[in-house]
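# Secondary and tertiary structure notes
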Amino acid sequence: MSSEIENRLQGRGVTLDGFIAAMQQFSIETPSWGYGDSGTRFKVFHWPGAASHLREKLADAAQVQRVTGACPGVAIHIPWDREDDWRAVKEYASQIGLRIGAVNPNLFQDDAYRFGSLCHFDKAIRQRAIEHIIECIHIAQEVGSGVISLWLADGTNYPGQDDLRRRRHRLLDSLQSIYAALPTGMRLLIEYKFFEPSFYSTDLPDWGTSLLMAQKLGPQAEVLVDTGHHPQGTNIAQIVAQLLDEGRLGGFHFNDRRYADDDLIVGSQNPFELFCIFNEIVGAGAEGNAYASRIAYMIDQSHNIEPKIEAMIQSVLNVQMAYAKALLVDRVTLQQEQEAGDVLGAYRVLQAAFETDVRPLLSEVRVRQGRDPDPISAFRASGYAECVARERIASATSSGYPGA
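Computed from a predicted structure; not experimentally measured.

Calculation rules
Residues numbered from 1 in each chain as written. Predicted model: local features only at pLDDT ≥ 70, side-chain atom pairs only at ≥ 80, totals over all residues. Heavy atoms only, no water. Salt bridge = Lys/Arg side-chain N within 4 Å of Asp/Glu carboxyl O. Helix = DSSP H or I, 4+ residues; strand = E, 2+ residues; numbered from the N terminus. Buried < 20%, exposed > 50% of the residue type's maximum accessible area, 1.4 Å probe, protein only. Pairing = 2+ DSSP bridges. Right-handed = clockwise from strand over helix to strand, strands pointing away. 1 Å grid on protein atoms, 1.4 Å probe; cavity = no way out; pocket = protein on both sides within 12 Å on 5 of 7 lines; lining within 4 Å. Points joined across faces, edges and corners; volume = space filled by probe spheres on them. Nonpolar A, V, L, I, M, F, W, Y, C, P; charged D, E, K, R; others polar. Core = buried A, V, L, I, M, F, W, Y, C linked by side-chain atoms within 4.5 Å. Phe/Tyr/Trp six-rings, centres within 6.5 Å; stacked < 30°, edge-to-face > 60°. Lys NZ or Arg CZ within 6 Å of the ring centre and 35° of its normal. Contact = heavy atoms within 4.5 Å.

## As for the pattern of salt bridges
Per the counting criterion, the structure on display carries 18 salt bridges. The residue Arg 392 makes a salt bridge to Glu 56 at a minimum N-O spacing of 3.8 Å. Here Arg 392, found in the segment after α15 (384-391), pairs with Glu 56, found in helix α3 (residues 54-68); they are 336 residues apart in sequence, far enough to count as distant. Residue Arg 187 pairs with Glu 222 through a salt bridge whose shortest N-O separation is 2.7 Å. Taken together, the residues Arg 187 in strand β6 (residues 187-191) and Glu 222 in strand β8 (residues 221-226) connect sequence positions 35 residues apart. When its relative accessible area of 12% is taken as the criterion, Arg 187 is described as buried.

Have a look at this one:
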């Protein structure tokens, strides 16, 4: 590490040891479904060696953790990842240096959910969806997870298709039944999406609706922000600031987009937006906001044309860089410029942090952990991708979702 970089850190009130300690504490979950074949509604391009069941997904996730040191948790999706013996899954994950993270129920692939799940007009179908989520709660207890991550595809395509207020009442009633089944300490993260797959109305269309539901349920319910689930031009950093202030920012699904919910590698399209999100989180933490330190960071992406494991590693690296740059913001000077009304001066404080090349700093973090400073080169040198490409048999998947 050059003395020049250390001097620049000190000039911003950051010590090298403090920076490294913060980065070593930062972790992000990778998604089990990110290691299998996936695609769009048009086509799945099969990747040699793509994982086809949970054990293979965990083995791949262990490679990401091995070279990054930042991804000990793996989010799972039920029923895609359903197993008969969850204790054995937990033990296997532990043996390869992992733990099971957020459990994601699936309420969008069953024929019964054509007109919705938790919002359906048929009480029997609503109960079926509730029981599935309660099953996921039990799975989470068995594997030692403290998070249920809930996204609904519920909505309508046409005006008059259903009564919007009645749908809201059904949703709240269903969520209350689910919330009552949560054990102490387990969190329900309520995700939202402004459109798709329905086009006239979405039952959880925005962060405000999710926040209202969480507030009606209780303190174990929080909002999950998927960075691809907003209309164009939405200021996600402002949403983050609001949720932090309300103590309801539960977690993130990180990805990037150009047009809609493109599920591209996070930070590949708009890295400054990602930096601004972390700037709000780090700033809140520096001011003593307790919720800034308990956010569940998760990746949720669809790697369609890129190598599965390498794409996941790159996603992790991009998130780490955005967080690292946010740690370098000179917050004392930033507040001084803001309170002096110096618009350009305040912006330049953020610009200085964003334009800092933090790769040498992150390399130093990995070296101190006994890891290779270049995670992707380390993974390529391992020969793991070539090995699994020879050993694994490709599954016959044709659509973008497993089992469809």
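## Concerning the pairing of strand β2 (residues 73-78)
Counting buried positions over the six residues of β2 gives six, a clear majority of the element. What you see with β2 is no split at all: Gly 73, Ala 75 and His 77 on one side and Val 74, Ile 76 and Ile 78 on the other are buried throughout. One ladder, built from two bridges, connects strand β1 (residues 30-31) with β2; its direction is parallel. Bridge pairing in β2 places Pro 31 opposite Ala 75. Relative to strand β3 (residues 99-105), β2 runs parallel, the two being bridged by five bridges. Along β3, the bridge assignment pairs Ile 76 with Val 103. In this view, the connection linking β2 to its parallel neighbour β3 by way of helix α4 (residues 86-95) has right-handed handedness.

## Considerations on the layout of surface pockets
There is about 550 Å³ of room inside the second largest pocket. Gln 25, Ala 292, Ser 293, Ile 295 and Tyr 297 are, among the 26 residues lining the second largest pocket, the residues nearest its centre. Ranked by residues supplied to the lining of the second largest pocket, first place goes to β3 with four residues. Tallied by class, the residues present in the lining of the second largest pocket amount to 14 nonpolar, eight polar and four charged.

## Focus on the nonpolar core
When a protein is soluble and globular, its nonpolar side chains tend to lie buried together. Phe 19, Leu 118, Ile 148, Phe 252, Phe 278 and Ile 281 are the most contacted members of the largest nonpolar core, which totals 114 residues. Broken down by element, the residue count for this core peaks at 11 residues, all from helix α10 (residues 308-327).

## A look at the packing of aromatic side chains
In total, this model carries 19 aromatic pairs according to the counting rule given. Ring geometry for Trp 33 and Trp 80: centres 6.5 Å apart, planes at 70°, overall edge-to-face. Within this pair, whereas Trp 33 is found in the loop between β1 and α3, its partner Trp 80 is found in the loop between β2 and α4, the two being separated by 47 residues in sequence. The buried category is assigned to Trp 33, whose relative accessible area is 12%. Overall, Trp 80 belongs to the buried group, its relative accessible area being 18%. Their ring planes at 5° and their centres at 4.9 Å tell us that Phe 252 and Phe 254 sit as a pair that is stacked. When sorted by exposure, Phe 252 lands in the same class as Phe 254, which is buried. An aromatic cluster of at least three residues, connected via ring pairs, comprises Phe 26, Phe 252, Phe 254, Phe 278, Tyr 297 and Tyr 323. Just above the ring of Phe 45 sits the side chain of Lys 43; from NZ or CZ to the centre is 5.8 Å. Between Lys 325 and the ring centre of Phe 354, over which it is positioned, the NZ or CZ distance is 4.6 Å.

## Concerning unusual backbone geometry
Of all residues except glycine, most have a negative phi; of all peptide bonds, most are trans. Note the cis peptide between Ile 78 and Pro 79, where omega equals 20°. Along the chain, Pro 79 falls in the loop between β2 and α4. Put simply, Glu 196 and Pro 197 share a cis peptide bond, and its omega is 10°. Within the secondary structure, Pro 197 is located in the loop between β6 and β7 (201-202). Residue Glu 196 is not a glycine yet carries a positive backbone phi of 80°. What makes Glu 196 partly exposed here is its relative accessible area of 28%.

## What to know about the side chain of Thr 30
On the secondary structure map, Thr 30 appears in strand β1. According to the relative accessible area criterion, Thr 30 is buried, its value standing at 0%. Setting aside residues up to four positions removed in sequence, Thr 30 forms contacts with Tyr 35, Ala 61, Val 64, Cys 71, Gly 73, Val 74, Ala 75, Met 312 and Val 316.

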